[in-house]
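Okay, here's what each chain looks like letter by letter:
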Amino acid sequence: MRAALAVASECAPLVKTGGLADVVGALPAALAREGWGLRILLPGYREVLAALGEVPVLFEEADLFGGPARLRAGRAAGLELLVLEAPHLYDRGGSPYLDERGHDWPDNPERFAALCWIAARVAAEGAGGWRPEILHLHDWQAALVPVYLRARGVAAPTLLTIHNIAFHGLAPADRLERLRLPAEGFTPEGFEYYGHISALKAGLVHATRLSTVSPTYARELQTPDYGMGLDGVIRARAGHLVGILNGIDTRAWDPATDPAIRPFRSPAGKAANRAALLREFGLGEGEGPLCVVISRLSDQKGLDLLLRALPALTDRGGRLALLGTGDRGLEEAWLRAAEGSDRVAVRIGYDEALSHRMFAGGDAVLVPSRFEPCGLTQLYGLRYGAVPLVALTGGLADTIINANDAALKAGVATGLQVHPLTVDALAAALIRLCELYADRALWARLQRNAMRHPVGWEASAPAYAALYERTIAAAG
Ligand code: ADP
């Protein structure tokens, strides 16, 4: 087996706030089939250390950004892990990024710089006799690795995957020394971003190769509308950037064996799940489709637009069940919409098992994102026969075949696309959804197409393996 080290701030099923975790957790199995043995370096959050149990210490650091730290190695949830135990950085409540009140941890720059520091040490010296041929860095939390490698004079190959350009990992300039960053790198050509240290920019500039999670997002990132201030940096490296679609873990997400649902192999088998979901959400039966939304509640996801377009669905007997958490204003707006309604129901919170029941019981999953690097919920929707209605952006554009007349006639449609993303266009798409749903034979065909659509890592794992080779060749 070839050796690669993934560096990430979250990893399913151990610790998850979004799609990043799913991908980091799924890649090792997918890449093992390509001959790559991936170890994942994770921060020693409480839940990660608890899952790991008592395992050996590979090395120690006397002072890692304000306290002692130890690198442990072990297996959990079928994954080979390196875990950075540093209680002063990770032994706390809240989420990986936020405190109990929902604010960023003030020492986030140090918390993830520490992870990068240790990754660079593993690349330079090895750990327990193991040394990776390549480092696969995920998002800003891992993006300082190339800077620390350069400072050590180590030319290890690095691949930075951008899961979401919205998060830059900014730190005030006066932390330069504290973060052990070389002052000469703090320039607009380096990792300075308008007077701040930008961890993501450090990686974008210095990683050997860049990738992102869909071909469309790889193009969008190079435009001012989507690049979030970094489009120029990305354009300068366009020749080193590729888009590789995320897959899903088709064993954990298999409607035929999923222990969280009433298993099914065909659209007809969804009926029992649908009935149970209506009951669970206290929704009345109607003649229209049961739509589901499983999402972070943030501006990105376009759910404010959906809220305004909702009458187009509910006036036609449609139902909507939403599971999500995040922005307080959005949470309240959705709760208000559900108040006293037998057509709209909302659960605020994060609930993995419930999300499985919703994909299983839903006729359609709605994903009206303003931007979406890849998106996973539409893939779970496909797999579970919940026909996706999506905005035409990023990975949503790359994974759904729109049910226009030609695609329906050819029998290849898997979902519906909305473009441009406006309240009116969304309302029109919801009306079309209701019309298509009313033709039950046609809807079942759509569902069957969706369930047959490949959503695993069959194509993307070889693409990553090839990219690892190119990255190693480029660094050599
Ligand atoms: P993002 O990473 O931007 O949040 P993705 O679609 O790539 O969006 O991934 C989101 C992942 O998180 C999916 O696996 C989705 O099912 C899950 N998810 C989001 N919100 C919730 C929630 N409230 N409860 C359970 N799972 C959720």
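Scroll up for the structure.
Rules used in this analysis
- Along each chain, residues carry numbers from 1 onward, in the same order as the chain's sequence is written.
- For this predicted model, a pLDDT threshold of at least 70 governs which residues receive local features, and a threshold of 80 or more governs which side-chain atom pairs are given and counted, while totals over whole chains, interfaces and linings are taken from all residues.
- Excluding hydrogens and water, the side-chain figures rest on all heavy atoms present in the structure.
- Secondary structure counts use DSSP, requiring at least four H or I residues in a row for a helix and at least two E residues in a row for a strand, with both numbered from the N terminus.
- Contacts were defined at the residue level, with two residues in contact if any of their heavy atoms lie within 4.5 Å.
- In a helix, the anticipated span is given by 1.5 Å times the number of residues less one.
- Per-residue accessibility, obtained with a 1.4 Å probe over protein chains only, is compared with the maximum for each type, and a residue is labelled buried under 20%, exposed over 50%, and partly exposed between these values.
- For this analysis, a salt bridge means a side-chain nitrogen from Lys or Arg found within 4 Å of a carboxyl oxygen belonging to Asp or Glu.
- Following DSSP output, two strands are said to pair if at least two bridges run between them.
- The axes used here are C-alpha line fits, helices contributing only the stretch in contact, and every angle between their N-to-C directions lies in the interval 0 to 180 degrees.
- Throughout, the term near means that a residue has one or more heavy atoms lying within 4 Å of the molecule or strand in question.
- Two N or O atoms count as a polar contact when they lie within 3.5 Å, although within protein this holds only if one can serve as hydrogen donor and the other as acceptor, and sequence-adjacent residues are included solely when both atoms are side-chain atoms.
- The Shrake-Rupley method, run with a 1.4 Å probe, gives the accessible areas here. Residue values count only the displayed protein chains as cover.

A. Up close: the environment of Val 346. If you trace the backbone, Val 346 turns up in strand β15 (residues 344-348). Once the C-alpha coordinates of Val 346 and Val 455 are considered, the two residues, 109 residues apart in sequence, prove to be 28 Å apart. With sequence-adjacent residues up to four places away left out, Val 346 is seen in contact with Leu 322, Trp 334, Leu 335 and Ala 338.

B. Main features of helix α4 (residues 108-125). For α4, which comprises 18 residues, the first-to-last C-alpha distance of 26 Å matches the rise-based estimate of 26 Å (1.5 Å per residue) to within 8%. With 17 of its 18 residues buried, α4 lies for the most part within the structure. Gly 126 sits one or two positions beyond α4 and adopts a positive phi of about 80°.

C. Looking closely at the pattern of salt bridges. For the coordinates displayed, the defined rule picks out 24 salt bridges. Note that Arg 357 and Glu 280 form a salt bridge whose closest N and O atoms lie 2.8 Å from each other. With a gap of 77 residues between them, Arg 357 in helix α14 (residues 352-361) and Glu 280 in helix α10 (residues 271-280) connect regions that are remote in the sequence. In the salt-bridge network here, residues are joined through shared partners; they are Glu 61, Arg 121, Glu 125 and Arg 152.

D. Quick look at the sheet that holds strand β14 (residues 319-326). Taken in spatial order, the six strands make up an open sheet running β15-β14-β13-β16-β17-β18, and their pairing is parallel. The open sheet has two edge strands with one neighbour each: β15 and β18 (416-418). With direction set aside, neighbouring strand axes in the sheet form an average angle of 20°. In this sheet, β18 lies alongside strand β17 (residues 387-391) in parallel orientation, the contact comprising three bridges. Each bridged residue has a counterpart across the sheet, and for Ala 391 the counterpart in β18 is Val 418. Contacting β13 (290-297), β14 and β15, helix α13 (residues 328-338) runs over the sheet at an angle of about 145° to β15. Relative to the sheet, helix α18 (residues 423-438) contacts β13, β16 (364-367), β17 and β18, its axis offset from that of β18 by approximately 165°.

E. Expanded view of the site of the ligand. The local shell around the ligand holds 19 residues, among which Gly 19, Asp 22, Arg 296, Lys 301 and Gly 349 are the closest. Contact between the ligand and Lys 301: an oxygen atom at 2.8 Å from a side-chain N or O atom of the residue. Gly 349 is positioned such that a nitrogen or oxygen atom in its backbone is 2.8 Å from a nitrogen atom of the ligand. Coverage of the ligand by the protein amounts to 93% of the 570 Å² it exposes when considered alone.

F. Region of the structure containing the environment of Ala 142. Looking at the element boundaries, Ala 142 is found in the loop between β6 (134-138) and α5 (145-152). Given a relative accessible area of 0%, Ala 142 falls into the buried group. Linking Ala 142 and Ile 431, residues 289 residues apart in sequence, is a C-alpha distance of 43 Å. Once residues within four sequence positions are removed from consideration, Ala 142 is found in contact with Val 7, Cys 116 and Leu 137.

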